[in-house]
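# A structural walkthrough
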Amino acid sequence: MAKIRHNNILDTVDSVLAVSKKKGIIHLHAEDQALDGQSLTLNGQKVLHFGTCGYLGLEHHPEVKRGAIDAIERFGTQFPMSRTYISNPLYRELEEMIQEMYQAPVVISKNCTLAHLTTIPSIIRQTDLVILDHQAHASIQEAVKKMLSQGVAVEMIRHNNLEMLEDRIKKQRNKFDRIWYMADGVYSMYGDYAPIKEMIALAEKYEQLYLYVDDAHGMSWAGKNGTGYVMSQMEEGLYRKMVLTANLGKGFGACGGLSLFPNEEWYNKVNNFGGPLTFSVQIEPATLGAALASARIHRSEEIVSYQNELQEKIAYFNALLKNTDLPLVHENNSPIFFIGTGTMDMGNYLVQALLNDGIYVNLATFPAVPAKNIGIRITISRNNSFEDIALLVQKLMFNFSAALEATNQTNDKIRKAFKMPAPEVVHPVAQPEADSRLSLNVYTSIDNINKADWNNLLGHKAMYDWDGMKFLEESFSDNEQQENNWKFRYFEVKDTDGKTVLLTFTVVALHKEDMFSQVSISKAIEKEREHNPYYLTSKGIIMGTLFTEGEHLYLNKENVAWKQAFKLLLDELFKEQEREQVNNILLRDFCADDQEMHEFMVDQGFVKIDMPESCVVENLKGQSEEEYVSSLSQKNRRHYVQKIKRNRHFYNIEVKSSLAEDELEHAIKLFRNVKNNNFAINSFLFPEKLFKQINESEAWEFIVLYIKEEFSINRKPVGVCFCHINSDKVYSPMLIGMDYEYLMEYGVYRQTLFQVVKRANELGCTKVNFGISATIEKKRIGAVLYPKVGYYQAKDNFAMELIENTFAVERD
């Protein structure tokens with residue numbers, strides 16, 4: 001199995017957040033000696049606090065604080081025992097109060113994350129199917145992900161798309177005992193709601209459908225006795241097929257996670273042995289005391305006055321926003337508001353500008369929102385005064401306009417990114433001026449570019465020299481399969497002196513979303529593709545092509561305007577994305593150590609993903625086989641003797657400029673053997689036309705391996721390498737085909753790799769581009785590995801999260 005470096009989603013998230021941390025946007029520390037919920041001191045400056053999830057401000061209520069102090073005085077700072085043995089005396093009283101509020105059995109965990117980890121594995125069985133809402137909270141997704149290794153089937157639907165949910169129910173209901181749909185009541189980024197009544201109607205229509213809903217952000221500010229938004233949508237109490245989780249933190253003012261059940265059976269399963277409930281520490285007495293005091297407030301008329309007070313401030317904020325052209329992504333009466341900025345660059349700028357202007361808001365970034373849908377999350381609490389809210393809107397309008405201009409962003413671009421209509425109120429904003437130092441030209445064929453210029457700046461590096469691009473244009477056009485018809489685009493940015501600052505090319509092409517996923521994931525997805533060939537595929541803009549590998553971008557970073565040149569490219573790519581209705585953009589094969597490029601790309605709304613390493617044999621000097629081997633390390637020389645030279649006598653090896661028709665057909669078959677056995681890079685099969693073009697081109701040749709007659713009756717090739725020689729004498733083995741019956745006994749793959757290096761030396765080539773995959777084997781024959789990264793942006797995270805959360809990863 002060919003090994004490659006796969007992307008780790010945690011590394012991607014880390015790379016994004018590291019940029020905001022460096023700019024002083026996240027991981028801040030409040031510096032106050034005391035807090036009141038209205039303001040914070042950050043970096044020595046007092047700022048208004050519009051980032052809290054304490055929507056009712058109960059964490060500062062004198063009775064709640066007194067409850068915590070009293071509990072410490074009576075019971076100490078902790079009760080260090082598992083709840084399986086003995087619970088703190090305050091637990092029973094709190095459970096009774098919560099049960100009375102909800103009229104349902106309740107299990108109390110230390111927080112909501114542990115509530116999910118306690119509840120989900122206790123009630124879900126291997127005969128069940130879990131369907132996640134695309135925007136379900138990460139804590140739910142993490143708990144469900146642990147079920148994959150136990151064989152539980154998991155799927156995902158687009159956000160609040162009940163038609164898609166019903167379609168999955170119809171297709172899967174005969175395969176599973178229960179189908180669980182998991183969602184949030186109030187979504188933490190945009191503040192929008194789950195369609196609870198419609199979900200219940202669907203569950204009534206399909207008896208197998210059950211609901212699991214997290215109402216952490218709906219708690220306290222909504223519902224009778226502050227039981228939350230979800231309960232406010234159910235007239236007859238907790239629905240008979242719903243498990244509801246809620247929060248004793250956030251609006252409730254304490255800390256803890258609630259799991260509420262419609263029946264005693266599920267309650268007992270979770271309460272008796274609910275994972276973390278058994279093995280983790282109990283809630284501290286102070287927190288239990290605070291929760292009890294808050295519960296008493298919730299059971300009184302006092303909670304109604306607090307809810308009404310908050311709603312007045314929410315309505316006031318909504319009214320003020322209506323008189324602006326700020327892109328509010330979702331309007332309702334929840335305390336969560338999301339103003340779109342589109343790019344990370346503008347998001348960082350706006351948060352920092354507001355911070356400097358005395359306002360604190362949250363930056364909402366990937367993966368909580370798609371990289372193209374960055375914005376700021378504003379929360380309104382009861383502690384915010386009407387005057388503070390008016391000041392927020394005033395400063396938000398001013399700094400939003402400044403951020404647009406400073407980051408070359410427009411309100412129109414932002415609204416397109418969020419699929420929002422034009423604003424009713426339009427305030428004039430200075431539009432960014434085009435950089436007069438630069439000009440961008442876009443071409444649809446290599447014919448429009450000077451051959452010498454292309455080869456000098458970009459084409460000399462690999463098989464994509466000018467003739468190579470002409471070859472690819474012809475090979476990937478007019479094919480029967482849609483995935484093998486690509487739209488080529490060439491981009492050239494020049495300065496006023498006519499010198500090229502940037503040169504690159506892309507294709508618009510259909511690709512598999514799991515192209516660089518773990519092998520086990522791609523194998524699982526391919527099973528679905530046996531019935532649905534285009535499952536989890538989408539049209540994308542890809543730097544380079546799906547055939548080539550290497551540095552597909554020339555960028556003169558010595559030119560002071562290189563960032564502006566790159567922004568011109570990105571603006572054109574975004575326009576192309578809209579014209580072609582493309583879901584994602586992948587700019588690939590950048591140097592992994594280029595931190596300046598990384599920070600720049602994150603600011604433009606892209607996320608970094610690890611790409612497979614590039615394998616290159618460099619500094620070839622026309623050596624003989626013996627001379628080349630002597631240049632290898634001692635370990636690699638030993639590998640050559642034991643695994644390559646020892647098997648050399650089995651082979652007749654020929655280099656052919658073209659193959660007879662039957663041999664070409666056999667070579668294609670051998671390539672498909674490799675393709676069907678190797679999911680390290682999961683792409684579509686290439687068209688027959690490509691192979692015929694290779695066979696007719698003078699820039700290509702074949703290294704063909706036969707087993708000698710004395711060792712086999714097979715007269716057909718057991719290995720074929722399809723090799724390109726570019727105008728700068730760079731040798732690129734682009735495709736390999738092998739007969740797997742001979743792979744292990746005769747070492748076909750290793751022998752083929754070495755013959756490539758030997759042939760490149762014979763031709764006087766200076767470099768071999770070995771591409772990606774099978775890095776260990778290539779390194780053993782002298783290849784140097786270069787870590788590469790790509791930069792990815794999609795209209796939404798659906799495919800990425802579906803792959804990340806619904807497929808079990810196994811060791812390749």
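Rules used throughout
- Residues numbered from 1 in each chain as written.
- Predicted model: local features only at pLDDT ≥ 70, side-chain atom pairs only at ≥ 80, totals over all residues.
- Heavy atoms only, no water.
- Helix = DSSP H or I, 4+ residues; strand = E, 2+ residues; numbered from the N terminus.
- Rg over C-alpha atoms; globule rule 2.2 N^0.38 Å.
- Buried < 20%, exposed > 50% of the residue type's maximum accessible area, 1.4 Å probe, protein only.
- Contact = heavy atoms within 4.5 Å.
- Areas by Shrake-Rupley, 256 points an atom, 1.4 Å probe, with all protein chains shown as cover.
- Lys, Arg positive; Asp, Glu negative; His and termini not counted.
- Charge placed at Lys NZ, Arg CZ, Asp CG, Glu CD.
- Patch = residues over 30% accessible without salt bridge, like charges linked within 9 Å, V, L, I, M, F, W, Y side chains within 5 Å.
- Salt bridge = Lys/Arg side-chain N within 4 Å of Asp/Glu carboxyl O.
- Axes fitted to C-alpha atoms, helices over the stretch in contact; angles between N-to-C directions.
- Parallel < 35°, antiparallel > 145°, perpendicular 65-115°, else oblique.
- Left-handed = near helix turned anticlockwise from the far one by under 90°.
- Nonpolar A, V, L, I, M, F, W, Y, C, P; charged D, E, K, R; others polar.

Each helix and strand in the chain was counted, giving 28 helices and 26 strands. Taking 28 Å as the expected radius of gyration for a compact globule of 812 residues, we find that the chain reaches 31 Å, a close match to that expectation. Taking the principal axes of its C-alpha atoms as reference, the chain extends roughly 90 × 60 × 50 Å. The buried share of the chain, taken over its 812 residues, is 60%. Sequence-distant contacts in the chain: of pairs separated by 6 or more residues, those separated by 24 or more amount to 76%. In the form shown here, the chain has an accessible surface area of approximately 34000 Å², with 48% of it arising from carbon and sulfur atoms. Across the chain, the mean location of the 89 positive side-chain charges is 4 Å away from that of the 107 negative side-chain charges.

There is a patch of nonpolar side chains on the surface, built from Met81, Tyr85 and Ile86 and spanning about 330 Å² of accessible area. Locating tyrosine 85 in the fold gives a position in the loop between helix H2 (62-75) and helix H3 (89-102). A relative accessible area of 66% means that tyrosine 85 is categorised as exposed.

Bringing the packing of helix H6 (residues 162-172) against helix H7 (residues 196-205) into the picture now. At their nearest, the axes of H6 and H7 sit 11 Å apart, and the two run at 15 degrees to each other. Between H6 and H7, the angle falls in the class roughly parallel. Considering the relative orientation of H6 and H7, their crossing is right-handed. Together, Leu162, Leu165, Glu166 and Ile169 of H6 and Glu198, Met199, Leu202 and Lys205 of H7 make up the contact between the two elements. In terms of residue class, the contact of H6 with H7 is made up of five nonpolar, no polar and three charged.

Function-wise, these values are silent; they only describe arrangement.
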